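A closer look at the structure
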Protein chains: 2
Amino acid sequence: MRAAEETFSYRYPHPAVTTDVVVFTIRDGRLSILLVKRANAPYQGNWALPGGFLDIDEDLDTCAARELQEETGISGLYLEQLYTFGTTDRDPRERVISVTYYALIPQDALAVPRAASDASAVGWHDVERLPALAFDHAQIVTMAHRRLVAKLNYSTIALQFMPEAFTLSELQCVYEALLNQTLDKRNFRKRILALDLIEETGRQRRTGKHRPAREYRARHPERVEIIK
Amino acid sequence: MRAAEETFSYRYPHPAVTTDVVVFTIRDGRLSILLVKRANAPYQGNWALPGGFLDIDEDLDTCAARELQEETGISGLYLEQLYTFGTTDRDPRERVISVTYYALIPQDALAVPRAASDASAVGWHDVERLPALAFDHAQIVTMAHRRLVAKLNYSTIALQFMPEAFTLSELQCVYEALLNQTLDKRNFRKRILALDLIEETGRQRRTGKHRPAREYRARHPERVEIIK
DNA sequence: TTAGCATAGTGTTTTCTATACACTTTTTCA
DNA sequence: TGAAAAAGTGTATAGAAAACACTATGCTAA
């Protein structure tokens, strides 16, 4: 906490800088994002992206990860800078530049996120049925969604949605949710296996009254590679 | 000009925000960028990207265009946001967040850029033979170059390098400079014409002692479209 | 005037990649 | 032990990309 009377002065006016993060996951086969309900004005009671002001001595990436951790308890996920939004009127309080990120989180890491001080609630929302969002956050989500879908076709980003071990059918479901269309099972498997990015764990997954599926894992779980 | 004693105070420290621009063109069949020689500390005498501090009441895009105009006299070109750089130590004076852009300028628009107050010189530099750059500008150039080359393959961005009228051979030279490889003439023409993005002007270009080439123009010179 | 030089302009064949498509296997449970 | 449910598997076709070489046209200089 800072002393109430302390201020920081500059020869020229400076904007405030924030980071905001679009966190994607697949819930029940639907692409969903994480939103927090704003506890304070402006846009009090509205849903918004998790985010907040940059500390003067922290890197942008660190800020995005920290805010996400503080507001939702989520950490250790794939995080990539998206775009910087800075029109003069985007925040009624003062001039605010928002450096936005998007993040991908595996399906199984869905410990229900906890709300922090400046959020009265946190929750996942189907990206096709979003509530009205605060500030220009709807625009940010749209851009993040487009970037994610585009990146499916020339990178291994989809693997970031997968837990440590997964089946090919599960991976196909992720692609189908993102592309919003069904894919041919044989062609999908051929393509994915030809990339040589995943390998069998040797174990099997038994669920339901049917043939068990082989488990796979990513060869380089941390890396998102550009392919082709 | 601002009164010397005027200052701007905030409850929390704010970073400074700048925009920097990587301006590309093709000179003599080589991809080149525009650099300014710094007139003041830090990095005085070093080459750097054109750019400068954001006015508190201007949009980011406007700032990038304005700084470019002020420092080099260049305006009206294709400008796209690239990435935001913000590590804590990238400027020795104070915490500075740089929202970077890249721009493309046609070959014939090469009125020699004029240097402004805070630049002692301005000049084009072959992107393969750059001098040492100030700040983290080398990193910015690398990222811009990569983005530009990637975009060649799925957008019509190369047309932004072309003057109002151009020949297919000239356009092919641009692709070859960017990809750093020669292309088959017939396949190139087939591909470009199939996209239906350019049309004949009806005129011809006579240069040298050989058959004149047909002139073409872009159907939508302002637009950069995603293709395929 | 004409020969030769320099760049413009043009199609077809081959190879590779992407798509369409249906049945068998394995396990569980009633 | 048979029915249900998802896993797993190969081939044929169509479309896209790549390889490849000669003719056309205007200029210049002898």
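Described in the following lines is the structure provided in the data block. Since we're looking at a predicted model, the values are computed, not measured.

Some remarks on the overall build of chain A
Across its full length, chain A holds 4 helices and 10 strands. Referenced to the eigenvectors of the C-alpha coordinate spread, the extents of chain A come out at roughly 65 × 35 × 30 Å. Classification of the 228 residues of chain A by burial places 48% in the buried group. Put simply, chain A shows about 11,700 Å² of open surface, and 48% of that area lies on carbon and sulfur atoms.

Notes on a positive patch on the surface
Positive charge collects at one region of the surface, where Arg191 and Lys228 of chain A together with Arg191 and Lys228 of chain B lie side by side. For Lys228 of chain A, the location among the structural elements is in the segment after strand E10 (213-218).

Points about the protein's contact with DNA strand C
Close contacts around DNA strand C come from 20 residues, with Asn187 and Arg211 of chain A together with Lys185, His210 and Arg214 of chain B the closest. Between DNA strand C and Asn187 of chain A, the relevant distance is 2.9 Å, taken from a base nitrogen to a side-chain nitrogen or oxygen of the residue. Secondary-structure elements contributing two or more residues to the surface near DNA strand C are helix H4 (185-195) of chain A together with helix H4 (185-194) and strand E10 (213-218) of chain B. When the residues that make up the surface near DNA strand C are grouped by side-chain class, the tally is 3 nonpolar, 5 polar and 12 charged.

Comments concerning the packing of aromatic side chains
On inspection of all chains with the given rule, the structure shows 8 aromatic pairs over all chains. Consider the rings of Tyr10 of chain A and Tyr10 of chain B, whose centres lie 5.9 Å apart with planes at 50°: the pair is tilted. A residue pair is termed interchain when its members come from two chains, as with Tyr10 of chain A in strand E1 (residues 8-10) and Tyr10 of chain B in strand E1 (residues 8-10). A residue is classified by how much of its surface remains accessible, and Tyr10 of chain B, at 14% relative accessible area, is buried. Here the guanidinium or amino end of Arg11 of chain A rests over the ring plane of Tyr12 of chain A, the centre of that ring lying 5.1 Å away.

What about the pattern of salt bridges?
All names here are of chain A. Counted according to the given criterion, the structure contains 34 salt bridges over all chains. Between Glu58 and Arg66 there is a salt bridge, with the nearest N and O atoms lying 2.6 Å from each other. Residue classification places Arg66 among the buried positions, given a relative accessible area of 19%. With a closest N to O distance of 2.6 Å, Arg219 and Glu199 form a salt bridge. With Arg219 in the segment after E10 and Glu199 in strand E9 (residues 198-205), this residue pair connects regions lying 20 residues apart in the sequence. Residue class for Arg219 comes out partly exposed when judged on its relative accessible area of 33%. The class of Glu199 is partly exposed, set by a relative accessible area of 25%. A cluster of three or more residues bridged by salt bridges with shared partners is formed by Asp55, Glu58, Arg66, Glu67 and Glu70.

A short note on the packing of helix H3 (residues 168-179) of chain A against H4 of chain A
Residue and element names in this part refer to chain A. H4 packs onto H3 with a crossing angle of 100° between their chain directions and a minimal axis gap of 11 Å. By the criterion of interaxial angle, the relationship of H3 to H4 is roughly perpendicular. Here Leu168, Ser169, Leu171, Gln172 and Tyr175 of H3 lie close against H4, whose contacting residues are Lys185, Phe188, Arg189, Arg191, Ile192 and Leu193. Each residue belonging to the contact of H3 with H4 can be placed in one class, and the counts come to 6 nonpolar, 2 polar and 3 charged.

A few points about the interface of chain B and chain A
Each side of the interface is counted separately: chain B has 33 residues, and chain A has 33 residues. Across the interface of chain B and chain A, roughly 3,000 Å² is buried in total on both sides, 54% from carbon and sulfur atoms. Three residues stand out in chain B for area buried against chain A, namely Pro13, His14 and Ile56 of chain B, and they jointly supply 20% of the buried area on that side. Remark: the boundary between chain B and chain A carries 0 salt bridges.

With respect to the environment of Asp20 of chain A
Residues and elements named next belong to chain A. Examined against the element boundaries, Asp20 turns out to sit in strand E2 (residues 16-27). By relative accessible area, which is 6% here, Asp20 ends up buried. Each C-alpha atom of the pair Asp20 and Gly52 lies 6.6 Å from the other, and the pair is 32 residues apart in sequence. When near neighbours in sequence (up to four residues on either side) are disregarded, Asp20 contacts Leu49, Pro50, Gly51, Gly52, Arg90, Ser98, Val99, Thr100, Tyr101 and His137.

The rules behind these values
Residues numbered from 1 in each chain as written. Chains lettered and ligands numbered in written order. Predicted model: local features only at pLDDT ≥ 70, side-chain atom pairs only at ≥ 80, totals over all residues. Heavy atoms only, no water. Helix = DSSP H or I, 4+ residues; strand = E, 2+ residues; numbered from the N terminus. Buried < 20%, exposed > 50% of the residue type's maximum accessible area, 1.4 Å probe, protein only. Areas by Shrake-Rupley, 256 points an atom, 1.4 Å probe, with all protein chains shown as cover. Patch = residues over 30% accessible without salt bridge, like charges linked within 9 Å, V, L, I, M, F, W, Y side chains within 5 Å. Salt bridge = Lys/Arg side-chain N within 4 Å of Asp/Glu carboxyl O. Lys, Arg positive; Asp, Glu negative; His and termini not counted. Charge placed at Lys NZ, Arg CZ, Asp CG, Glu CD. Near = heavy atom within 4 Å. Polar contact = N/O pair within 3.5 Å; in protein donor to acceptor, adjacent residues only side chain to side chain. Nonpolar A, V, L, I, M, F, W, Y, C, P; charged D, E, K, R; others polar. Phe/Tyr/Trp six-rings, centres within 6.5 Å; stacked < 30°, edge-to-face > 60°. Lys NZ or Arg CZ within 6 Å of the ring centre and 35° of its normal. Axes fitted to C-alpha atoms, helices over the stretch in contact; angles between N-to-C directions. Parallel < 35°, antiparallel > 145°, perpendicular 65-115°, else oblique. Contact = heavy atoms within 4.5 Å. Buried area = accessible area lost by both parts, 1.4 Å probe.

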